[in-house]
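Fold and geometry: a report
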Amino acid sequence: MKTLTMACTTCPASCKLIVKTENGEIVEISGNTCPRGIAFAQKEYTDPERLVTSTVLIEKDGKEFLLPVRTKTPVSKKLVFDVMEDIRKIKVKAPVRVGEVVYENIGNSSCELIACKTVV
Amino acid sequence: MTEKDFDVVVIGGGPAGMAAALEALKSVKKVAIVERNDELGGILNQCIHSGFGLQYFNEELTGPEYAQRFIDRVGDSEIEVFLNTMVLEIKDKTVIAMNEEGILKLKAKAIVLAMGCRERTRGQIRIPGTRPAGVLTAGLAQRYTNLENLKPGNRVVILGSGDIGLIMARRLKLEGLNVLSVYEIMPYANGLFRNIKNCLDDFDIPLHLSTTVTKVIGSKRLQAVEVSAVDDNLEPIPGTEEIIPCDTLLLSVGLIPENEVSKTAGVDLSKITGGPVVSNDLQTSEEGIFACGNVLHVHDLVDHVTREAEEAGRNAARYALGETSESTTQIPVEASGPVRYVLPSTITNTDEKVELKFRVGSPIEKGKVTVYLNDEPVYEGREKEFVPSIMETVTLSPEKLSDGKLRVEVK
């Protein structure tokens, strides 16, 4: 039996989850204080996901600035560097509103990249 | 010179200042925000990572998104915003500031201090060695990377396991820099557990506890740092020195509330938090001057900053309207044992429930908080873990309070 510890990132309580596995299967999850912890541990063990946040270039009045962006939903951890690879190539033009999609299927994650700031 | 009258003037346009101003505007008409930067949002603008808003908005946002919600609300409101404006001093309830047009005198009935905090630097932790380029605070590196499109260096060592340091370890790794390791002088990590997991473990960045940087090496540019293990008294152990070649050293070694302006108003400051001493209505030692957010004490979640700021804004507006009555209660609150500080330091208003915020000085695996009124327990929490990186809150109902002295203890 193997024991793993992980931090539940569902809410700021950040429960320390203790996950016991046998032959690659979860046999016990403890340390959670709500049911969301169980779902998190299962996902984290099988296919962990992360929200990717970064910046892309934005052109406004002929000048270049940085626009904060993020994946709309968490993407598979395996794809994080692929997402970053695509992010580096993107350049957008103002105006952009917070929540607006700036790129689709970023890093082949089938996830959208959205703006985190309004630049008009 | 511009002279203007306001009900409430808020100094600082970050999350605390915006929330305080918006809340004040619910009761009074003339509210101003004075901000030294060219945009509102404060430090949230460079905190492009997520994890904000889980408590206040019930959803996970990045710093800029969290800020945008308040920027939009301020923009739609009647609040007068002075950008690129630096406050020089507060004198007789007048905020004296300066911008491109010259001197501004903003006369206020009440003032809210919301200037936030700044980072501790190399000078404050006294690392021996030379003074090359490449030694900078984690927040400055964050500004370079996320706002100014500048690369801080190539081979990075981070000193201090505070959250900003951990967040920057991940950020720089994602941007293709070689992040070698994080060193922490204490025997425990200072950042949130989730950040250790998601920022270091995810990227195989090692965290070395009870280890610190003992020498900065390099003439023009940083060439290496010397690290050493430390003993129980945090003193470097001779013979454990190791040379780590690197060109960038990020310091994530704590924050200091930025109270230079508060001092000009004669506000009393706490030696422990570095922020103003306040009563439970968030009023400082100077009548009509309120404080909230990181200028008061360093918070770990912006959601808490917003709530605290709303309270300060509400109370400042009430004061501006002359609705506050002379208080007869004076209950001092003190921290005891492993509790490093408690806020507020006095309770003057027992009309509503009283929130006590506190932090422990070192981790306690299993402890219980007890609040005593004159040595009689009036509140007892359940057994849990206490860590310095997490601010704790205890709510007392007014009927539990009477004249005497409150003491907060964790055992």
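Above this note sits the structure.
Overview of the structure. Quantities reported herein were computed from a predicted structural model and do not represent experimental measurements.

1. Digging into the overall build of chain B
Helices and strands together make up the secondary structure of chain B, namely 8 helices and 29 strands. Against the 2.2 N^0.38 benchmark of 22 Å for 411 residues, chain B shows a C-alpha radius of gyration of 22 Å, consistent with a compact globule. On the principal axes, the C-alpha backbone points of chain B span a range of 65 × 60 × 40 Å. Within chain B, buried positions represent 55% of all 411 residues. For chain B, the proportion of contacts with a sequence separation of at least 24, taken over those separated by at least 6, is 61%. For chain B, the accessible area works out to roughly 18100 Å², and carbon and sulfur atoms hold 46% of it. Once the 45 positive and 60 negative side-chain charges of chain B are each reduced to a mean point, those two points are 3 Å apart.

2. Section: the interface of chain B and chain A
Of the residues lining the interface, 29 residues belong to chain B; the matching set on chain A comes to 28 residues. For the chain B face of the interface with chain A, the top three residues by lost area are B:Leu174, B:Phe193 and B:Arg194, together amounting to 23%. At the surface where chain B touches chain A, the tally comes to 6 salt bridges. Here A:Lys117 ties to B:Glu39 by a salt bridge, and the two come within 2.8 Å at their closest N and O atoms. Taken together, the links from chain B to chain A amount to 11 residue pairs in polar contact (both at pLDDT 80 or more). Breaking the side of chain B that touches chain A down by element, the ones donating at least two residues are α2 (63-75), α4 (138-146), α5 (163-174) and α6 (193-200) of chain B. Within the side of chain B that touches chain A, the residues separate by chemical class into 8 nonpolar, 10 polar and 11 charged.

3. With respect to the packing of helix α1 (residues 15-24) of chain B against helix α8 (residues 302-320) of chain B
For any two helices packed against each other, the geometry comes down to the angle between their axes and how far apart the axes lie. All names here are of chain B. In the contact formed by α1 and α8, the axes pass within 7 Å of each other and the chain directions differ by 40°. With respect to their mutual orientation, α1 and α8 come out oblique. You can see that α1 and α8 cross each other, and the crossing is right-handed. On α8, the residues touching Pro-15, Ala-16, Ala-19, Ala-20, Glu-23 and Ala-24 of α1 are Val-302, Val-305, Thr-306, Ala-309, Glu-310, Gly-313, Arg-314 and Ala-317. Looking at side-chain class alone, the contact of α1 with α8 contains 9 nonpolar, 2 polar and 3 charged residues.

4. Quick notes on a nonpolar patch on the surface
Together, B:Met1, B:Met86, B:Leu88, B:Met98 and B:Ile103 line one region of the surface with nonpolar side chains, adding up to about 470 Å² of accessible area. Mapped onto the secondary structure, B:Met1 falls in the segment before β1 (2-11).

Reading the values: the criteria
Residues numbered from 1 in each chain as written. Chains lettered and ligands numbered in written order. Predicted model: local features only at pLDDT ≥ 70, side-chain atom pairs only at ≥ 80, totals over all residues. Heavy atoms only, no water. Helix = DSSP H or I, 4+ residues; strand = E, 2+ residues; numbered from the N terminus. Rg over C-alpha atoms; globule rule 2.2 N^0.38 Å. Buried < 20%, exposed > 50% of the residue type's maximum accessible area, 1.4 Å probe, protein only. Contact = heavy atoms within 4.5 Å. Areas by Shrake-Rupley, 256 points an atom, 1.4 Å probe, with all protein chains shown as cover. Lys, Arg positive; Asp, Glu negative; His and termini not counted. Charge placed at Lys NZ, Arg CZ, Asp CG, Glu CD. Buried area = accessible area lost by both parts, 1.4 Å probe. Salt bridge = Lys/Arg side-chain N within 4 Å of Asp/Glu carboxyl O. Polar contact = N/O pair within 3.5 Å; in protein donor to acceptor, adjacent residues only side chain to side chain. Nonpolar A, V, L, I, M, F, W, Y, C, P; charged D, E, K, R; others polar. Axes fitted to C-alpha atoms, helices over the stretch in contact; angles between N-to-C directions. Parallel < 35°, antiparallel > 145°, perpendicular 65-115°, else oblique. Left-handed = near helix turned anticlockwise from the far one by under 90°. Patch = residues over 30% accessible without salt bridge, like charges linked within 9 Å, V, L, I, M, F, W, Y side chains within 5 Å.

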